[in-house]
Every structure is written in structure tokens, then in C-alpha cells.
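# Fold and geometry: a report
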Amino acid sequence: MENNKTNLPNEPQKPQKKKRSFWRYIILMWICFFLLWGGVALFFVGVSGGFFGKLPDWSELENPESQLATEVFYADGSLMGKYYIQDRSRVSYEDISPAVVNTLIAVEDKRYHSHTGIDLYGLSTAVYRFVTSGKTAGASTITQQLAKNLFHERSSSFIKRVLQKTKEWVIATRLEKNYTKDEIITMYLNTVHFGGPVYGIKSAAKTFFSKTPKELNYNEAAFLVGMLKASTAYNPARNPDRAKGRRNVVLTLLEQQDYISAAKKDSLKNTDYDKSLFNKSTHRTGNAQYFREYLREYVKNWAKENKKLDGDNYDIHRDGLKIYTTIDPTMQVYAEQALAEHLPTLQADFDKHWNKEDPWENMPKDYTLTAEEFIERNIKRSERYRVMKKNGKSMDEVKAAFEVPTKMSIFTWEGEKDTVITPLDSLKHYKRLLRSGFMAMNPQTGHVKAWVGGIDFTYLQYDNVRPSSKNQVGSTFKPFIYTIAIQNGWSPCAKAPNSPVTIPKGKHGATNDWTPRGSTSDKLDYKQIRLKTALAHSLNWVTAYLMNEIGPRPVSEMAKRMGIESNIPVVPSIALGAADISLYEMVGAYSTFANKGTHTEPLFITRIEDKNGQLIQDFVPQRNEALGEQHAYIMLNLMKGVKDEGTGRRLMSKYGFTTEMDVAGKTGTTNNNSDGWFMGITPNLIAGVWTGGDEKAIRFRTTALGQGANMALPIYAKFMNKVYDDGTLGVTREDKFEEPEGRMSVELDCNRYDNYNLSADDFDNPEDTFIDSLKIQEKLKLDQEEDEW
């Protein structure tokens, strides 16, 4: 018992071991703590130094890589459209409404002005909430979101996502160190995604509210900022109810943070989104769609020849170019309206003319295809055929598919129509539609003022204006022959026989005897006709007579000097427009007459700038002297007769033009009435119109309906009357062709011309006559021919 008692004092030694173990744990915990945070610090240093992947350098921070939309502008500086994959456009802080800035801060980062890139309070709150309730809450600041928007896509891997998030924090702190708060929020608003191809506040404001960012109010800002949570779900154009609910949440946040009053919040909550404001602007919507598509292709080719400072080619869908065009927005609207006003009436006449019969079932005599072959050829041109053939389908299977009724939308002049028809009937529907093209330009500057390539770009994208779109020009080619005659000393008052002409095989390159058909005016047949009257009435025999006298080579050369680049065969038949030439070339060529004999190449771009507004290239028109000033003026005198007495006289009888108006022009009609043309010339504006089917088989069977005066001239007349009535476009009914200084080389007054005494005594009296001796001799010769006739 005593021994047991003596051992009792040794038992308290056990708690001393526990005390030493406790301090060991404390020390170990601190070591782990320091190691953890040291590791975190080293990790951040490694991320910052690029050990875990390259970070953007300062130049990348100042010029972050993003896909900026190229903007296209009208001549007055207003926006025409954009080319983009992602619709991005930049604005400065001063161009953003305070309502947008305040709304963004209220929703996304209410402590924006107090943190330095990372909101530690918000981050700790989010962590605490996750630990206590398992719920996640956003803690990213605007600066962090900017870092993510500028440089990263979300990774699916957890480890990579942690690394990516760390990089965002590093970039955010760098952004805060090197930029002001205003600059950061501007960068954010210029890069944030608003759904679909719409990026940046400028594009969003234009798309959803048809406004600039500076014009946005709190209601509109609440809609747009509300979209940032889920751009599709809260898209006001697609989901107006859900967008309105989200907008109301944003308005509540604004009221809670004292940006708006409770009364204003309540009043705004009762408003709905106006869908009429939705404006998805691309090169396939709005006005000038055909022009913008041609311009896009043109600038893409230009970009292949022009490089950026880094040696790469420009990309019109990503580099944010600014393209300034010559198109006048008002004239463009008038041109599209004129076409849309005339074509439905003409189409109704066409449908009535053919009734239930299709034009290809009654082919022109010189057409080699049967109706069946015509349809099969067009089936093979369709996208449906190409897809089916790619999938290994036989022609029989393709034809069977074309007979299956299918849901589709089709173009009609009454508006887009949703229907159920067979693809074959759809094909026939579009083949029967008449097409048209219109272009107007200033003859002095070469600036193209209006360009309408067709009737509806959504459904019919073929451009009837572009240089590659060529059609037979018919009688609109005749002024080139008359120009050579005038250069050779003929007066508009001179006479030529309006009787059949045969140019024999071998002469002037004719491969066979060439005998053109005569006019449709019995009153003028088999008579001596003044050149002015002959051109006004588009008399084929007189033109053939001149061609026989002149030959086709000087005519072809003259057309080339006046800007025609298409192939012009050196044969007599070009006198009646056998050559295929584009409307673009014809308008440019006709401008030579109004520009005192100087041809000015059509110009549709004035300059291209980079995304920062720095000039890349100025564009100037190419000019060359094609004919003398007097000869150009005489040709205008000749072509004024088209309006006053000839094939274009309905300009006066139906559309209010007068004899006093200086309007020259020329109609054109091709074989089988397949093509109808009108070229109009005023002192400050040249315009051309082509109308016809997309194939020669699509035509009127009568010249009364198929002539250029009926198919094309009305579009010109409607356009010009709109321009005249506007009064702000620099084109008036009182404009006059400027007469050359000095005496004219030929007489233009036909009464004086006829009253000349043609004796040799008159040669010594230059004050009495403006006619040179060669002209008098020519007239004597013609008079003798008339007497013999």
C-alpha cells in the first residue's frame, strides 16, 4: 500500500505531453498557412510572369484583339450598313449616356468606384454564402468581366478554369493600374455581347432602339443591361415579356441605389418594348442592299492588295474599317421607290399578256431550247439540285423531289408570302418575274448617287447593275455611231435615207450579208430623214446607213474611249446594239456627253479609314478626253429630240417633262423585246435603267409592251420627278447644258440650215454660215441623192 502511494506523484507527467503536442499542431498549422499563402502568392507571381501561359502585354491591353464591324457610310456621313461576323463598333466615354453607365454599375458592380479590380468584400460574401448555404453568387467586377470579355473563352476544365480565373484577376489589377475608371467602363461597353452578332453598346443601341448610345434613357439602358445576364432569354425583340420582367428588376436596383426615384421606377415599369425600333442592320437589310454586297466584294479584293502595318491583309469583317461612299441616301430611296412603283404594274401587264401560258412554252424563233430543256436547265442551276446531287441522288429523284409540296416563303409584289407549293412551281414563279436595274451618277465628279441592282435582295440576289452583269443594249448603242458621224462633220440637221441597207458579206467584217429590219413608223419610211429625227425615232435603216459609211472600227474605238470595257465585236451589227454591256458601263459612257466630252469613270468610294479614323486610301475618278466639247454638246442636242419628238416623248405626255427642260436620252429595245433600256442625261445627273427577264425567253411578244419606253423609261421618269420635287439635291428642272464657247462647227438650227444658199459665194462669207465647206459638199451630195430617189 505504501509503494502505491509513493508512485502517485509521478502521474501528472501525462498532461505535459499533451501540451507539447498542442504547440506542435499550432506550429504546423502556421507553417501550412504560410506555405498555402506563399504558394498562392508564388502562383500569382507565376501567372503574372507568364509561367502558366502568356498574358497580354501593354500594347494588347491598349489595343485588345476584337472583331470590329466595318461601317459603310452614305455621302452625307450617315450609316448605310455594316460588314461583320461580330457586330462591334467603338464609342468614347463622352458618347455614352450616363444612364447606361449608372445602370451598368448598379447591376454589375455597385462598389465599382471603390475597389481596384477585385471586390474583396463581394468575393468574401460570395464565399461565405457558398459555404453556409451552398448557393453561388457572382462576385466578378466589371474590370474582371472586361478581362474575360477581351482575352478569354470559358474553359470546361476545372483546373484550367481556376488558372483562367487567376489570369483574369491579374489582368483586372493591371487594367485598374493603367486605366481610369471611365476608360475601363468604356472598354467594357465596347466589347460586351448583347446576343447574336451584336457586340458593344453602339451596335446594341442601334439594333434594339435605333439610337446612339448617348441618346439612351434609363428605361432603354435597363433593357440592355438586363440582357447581359442572358442575352437570348432577355432579348426584348424575341422575348418581350421575359425581357420586361428582367428590366423591372434592373429598375428596382436603380431605385435602391438612388439613381432614379421610386415614382420614376413605377412609371417605367408600366412601359413595354416597342418592337418597331428593332433594327438588325447588316449588308442584307435596309437600303442599297445590292450596292453593299457589290461593295463588300470590291473591298475584299482591295484588301488583298493593301496591308496593315503588321504586314497582314485587312479583313473587312474584323478590322473595323470605315468606308465612305458616294451614294446619296435620298436619291437611293427615290430610286428604290421608283422601281417598286413601276415594276408591279409592269408585272401585272406581263402576267395578263401571257395569261396561263408560260413564256418558255412559246420560245422565240432563235431560241434553241425546248420548254422541257429550259426547265431542266434551271433545275440544275438551283441550290436544291446541287445539294441532292452532292448526296448522290439521281436526276429522277431530283425531279420527283421538285414535285413534292413544301412549306416556303416566296417574294410577291404584295409582300412576302408564306405558302405550300412545289419547288418546281416556285422555280416557275421566279422565272416569270421581271427584273430591273438602276444607276445614277454625277457626270462631272463621277460619283455614283444611286444603285438598285434588283427588285428584292432577300430572294433575288443577282445584281443587274454591276460591271459583270451584261445584257444586249439595243438602240442605246446608237449614239456611239452618231458621235462618229458628228465628228466627221455631219449636222443633226443633215439628212440620210431611211430605206433598207445591206452591208455585203466581207465588208466591215460582216460574215454574211447584213440587212437590218426597218422602223415601226410607216410615216418615216423611204424618206430622207434628219439625223436628229432618225435618232429620236431610233430608225434602224438610217443607223445602218451611217454604219456603212463609217465602218464599225471607229465606233468600237469611240465606245472604248467613253468607258465601255466589254467586248465590242468589230462587225456592222453593233450598230443596233448586238454587244453585251453592263448598265454600269453604259451610265459611265453616257456621262461623257454631259461632261463636255471628258469621260469620268464611275466612282462609288471616296475614302477608306482604319478603325481609329486614320486614312488608308483616298479614291479619285479616272478621267480621259473621249471627244471634243462641241461634239459632245451636239450629241446632247441630238438626244434631246428623244424626249421632244421621239421614242421618249411619253416623258412629256405622261410624266410632265417639258420642251424647255434640258433632258437628253435614248431608249433601247432588243430582239424579241427581251431587254428594255432607257438612258437619261441632265446637266448634273446621268441615270440608266434596264428591265427584262433573267433569260431572253422571258419577254413580251409585242414591242408596244416590250420596248424600253414602256419597260424602263417610267422608272427614270418617276425617279427624276422625285429628285426635281425634292429641291435639296442640286438637280432642278431649270438646269441647262452649258454651250461651248465660240462658233459651233455645224449648224444646230435646222431652219437656218435649210435656208442656206449653197452657192460657192457663201464659202467666202463666214459670218453668214457656221457650216464648213466639207459639210456643204456633203449636203449637196445628199440633196442630189434625194432628187435621184
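Here the structure is a predicted model, which means the values were calculated and not measured.

So, on to the overall build of the protein chain. Along the protein chain, the regular secondary structure elements total 30 helices and 20 strands. Considering the protein chain as a whole, with its 789 residues, one finds that 51% of them fall into the buried category. When contacts within the protein chain are restricted to residue pairs at least 6 apart in sequence, those whose partners lie at least 24 apart make up 69%. Taken as a whole, the protein chain presents about 38200 Å² of accessible surface, with 50% of it coming from carbon and sulfur.

Before going further, it helps to examine the state of the cysteines. Applying the stated criterion across every chain, the model contains one disulfide. Covalently, Cys493 is tied to Cys750 through a disulfide, its sulfur atoms 2.1 Å apart. Its S-S torsion of approximately -90° makes the covalent link between Cys493 and Cys750 left-handed. Of this pair, Cys493 sits in the loop between helix H19 (478-487) and strand E11 (495-497) while Cys750 sits in helix H29 (residues 750-754), placing them 257 residues apart in sequence. Judged on exposure class, the residue Cys493 and its partner Cys750 are both buried.

Attention now moves to the environment of Asp274. Among the structural elements, Asp274 can be located in the loop between helix H12 (262-269) and helix H13 (289-305). Sequence-wise, Asp274 and Phe208 are 66 residues apart; in three dimensions their C-alpha atoms are separated by 9.1 Å. Of note is the side chain of Asp274, whose polar atom sits 2.6 Å from the side chain of Ser276.

Below, the discussion takes up the packing of helix H14 (residues 329-354) against helix H28 (residues 713-726). Look at H14 against H28: their axes get within 8 Å of each other, and the N-to-C directions meet at 140°. Judged by the inter-axis angle, H14 sits oblique to H28. Considering only the axes of H14 and H28, their crossing is right-handed. Contacts between H14 and H28 involve Thr330, Met331, Tyr334, Ala335, Gln337, Ala338, Leu339, Glu341, His342 and Leu343 from the first element and Pro714, Ile715, Lys718, Phe719, Lys722, Val723 and Asp726 from the second. Its residues assigned to classes, the contact of H14 with H28 shows 10 nonpolar, three polar and four charged.

What follows deals with the sheet that holds strand E2 (residues 79-83). Taken in spatial order, the five strands line up as E2-E1-E5-E15-E16 in an open sheet, and their pairing is mixed. Edge positions in the sheet fall to E2 and strand E16 (615-618), since each of these pairs with one other strand and no more. Each adjacent strand pair in this sheet contributes to an overall mean axis angle of 20°, direction not counted. As judged from the three bridges shared by strand E1 (residues 70-73) and strand E5 (residues 322-325), these two strands associate in the parallel manner. If you follow Val72 over to E5, its bridge partner there is Ile323.

The next subject is the sheet that holds strand E19 (residues 675-682). Read across the sheet, five strands follow the order E9-E8-E20-E19-E18 without closing on themselves; strand pairing throughout is antiparallel. Either end of the sheet is taken by a strand with one partner, and the two such strands are strand E9 (448-452) and strand E18 (664-669). This sheet shows a mean twist of 5° between the axes of neighbouring strands, independent of strand direction. Taken together, the four bridges between strand E8 (residues 435-441) and E9 define a ladder with antiparallel strand orientation. Among the inter-strand pairings, Phe438 is bridged to a residue of E9, identified as Val452. Strands E8, E9 and strand E20 (685-692) of the sheet are contacted by H14, whose axis makes an angle of about 35° with E9. Helix H23 (residues 583-594) contacts E8, E9, E18, E19 and E20 of the sheet and is inclined by roughly 30° relative to E19.

The element E20 is largely enclosed, with a buried count of eight among its eight residues. The side-chain alternation of E20 yields two buried faces, one formed by Leu685, Ala687, Val689 and Thr691 and the other by Ile686, Gly688, Trp690 and Gly692. Here E8 runs beside E20; their pairing, made up of seven bridges, is antiparallel. Within the sheet, the bridge partner assigned to Met441 lies in E20 and is Ile686. Where E19 meets E20, eight bridges bridge the pair, whose relative direction is antiparallel. Counted as the bridge partner of Ile681 is Ile686 from E20. Between E19 and E20, which pair antiparallel and follow one another directly, the connecting turn spans two residues.

Attention now goes to the pairing of strand E15 (residues 605-609). Pairing of E5 with E15 involves four bridges; the strand directions are antiparallel. Note that in E15 the partner of Thr325 across the bridge is Ile605. Counting the residues between successive antiparallel strands, the hairpin from E15 to E16 contains five residues, one of them, Gly613, with a positive phi of roughly 85°.

Next up on the list: the confidence of the model for the protein chain. This prediction gives the protein chain a mean pLDDT of 85; 82% of its residues lie at or above 70. With pLDDT under 50 throughout, residues 784-789 is counted as low confidence; its partners more than four residues away or in other chains account for five contacts.

Let us now look at a negative patch on the surface. Taken together, the side chains of Glu94, Asp95, Asp182 and Glu183 present a region of like negative charge at the surface. Structurally, the position occupied by Asp95 is in the loop between strand E3 (87-88) and helix H4 (98-108).

Put simply, H4 and helix H10 (residues 218-227) touch, their axes get as near as 9 Å, and they point 45° apart. Judged by the angle between their axes, H4 and H10 are oblique. Judged by the twist between their axes, the crossing of H4 over H10 is right-handed. Across the interface between the two elements, Pro98, Ala99, Val100, Asn102, Thr103, Leu104 and Val107 of H4 pack against Tyr218, Ala221, Ala222 and Val225 of H10.

Of all hydrophobic cores here, the largest spans 154 residues; its most connected members are Phe438, Phe477, Phe657, Ile681 and Phe719. Take this core: its biggest share by element is nine residues, from H14. Phe438 has contacts with Ala335, Ala450, Trp451, Val452, Val465, Leu583, Ala687, Gly688, Val689, Ile715 and Phe719, leaving out every residue within four places of it along the chain. Within the second largest apolar cluster, 45 residues are counted, among which are Ala99, Val100, Tyr188 and Leu254.

Now for the pattern of salt bridges. Summed over the entire model, instances satisfying the criterion amount to 31 salt bridges. A salt bridge links Arg435 to Asp694; the nearest nitrogen and oxygen atoms lie 3.8 Å apart. With Arg435 in strand E8 and Asp694 in the loop between E20 and helix H26 (703-706), this residue pair connects regions lying 259 residues apart in the sequence. In this structure Asp694 comes out as partly exposed when scored by relative accessible area, which is 36%. Because the salt bridges share partners, they merge into one network encompassing Arg377, Arg381, Lys431, Arg435, Asp694 and Glu695.

Thresholds, definitions, all that
Residues numbered from 1 in each chain as written. Predicted model: local features only at pLDDT ≥ 70, side-chain atom pairs only at ≥ 80, totals over all residues. Heavy atoms only, no water. Helix = DSSP H or I, 4+ residues; strand = E, 2+ residues; numbered from the N terminus. Buried < 20%, exposed > 50% of the residue type's maximum accessible area, 1.4 Å probe, protein only. Contact = heavy atoms within 4.5 Å. Areas by Shrake-Rupley, 256 points an atom, 1.4 Å probe, with all protein chains shown as cover. Disulfide = S-S within 2.5 Å. Polar contact = N/O pair within 3.5 Å; in protein donor to acceptor, adjacent residues only side chain to side chain. Axes fitted to C-alpha atoms, helices over the stretch in contact; angles between N-to-C directions. Parallel < 35°, antiparallel > 145°, perpendicular 65-115°, else oblique. Left-handed = near helix turned anticlockwise from the far one by under 90°. Nonpolar A, V, L, I, M, F, W, Y, C, P; charged D, E, K, R; others polar. Pairing = 2+ DSSP bridges. pLDDT = per-residue confidence, 0-100. Patch = residues over 30% accessible without salt bridge, like charges linked within 9 Å, V, L, I, M, F, W, Y side chains within 5 Å. Salt bridge = Lys/Arg side-chain N within 4 Å of Asp/Glu carboxyl O. Lys, Arg positive; Asp, Glu negative; His and termini not counted. Charge placed at Lys NZ, Arg CZ, Asp CG, Glu CD. Core = buried A, V, L, I, M, F, W, Y, C linked by side-chain atoms within 4.5 Å.

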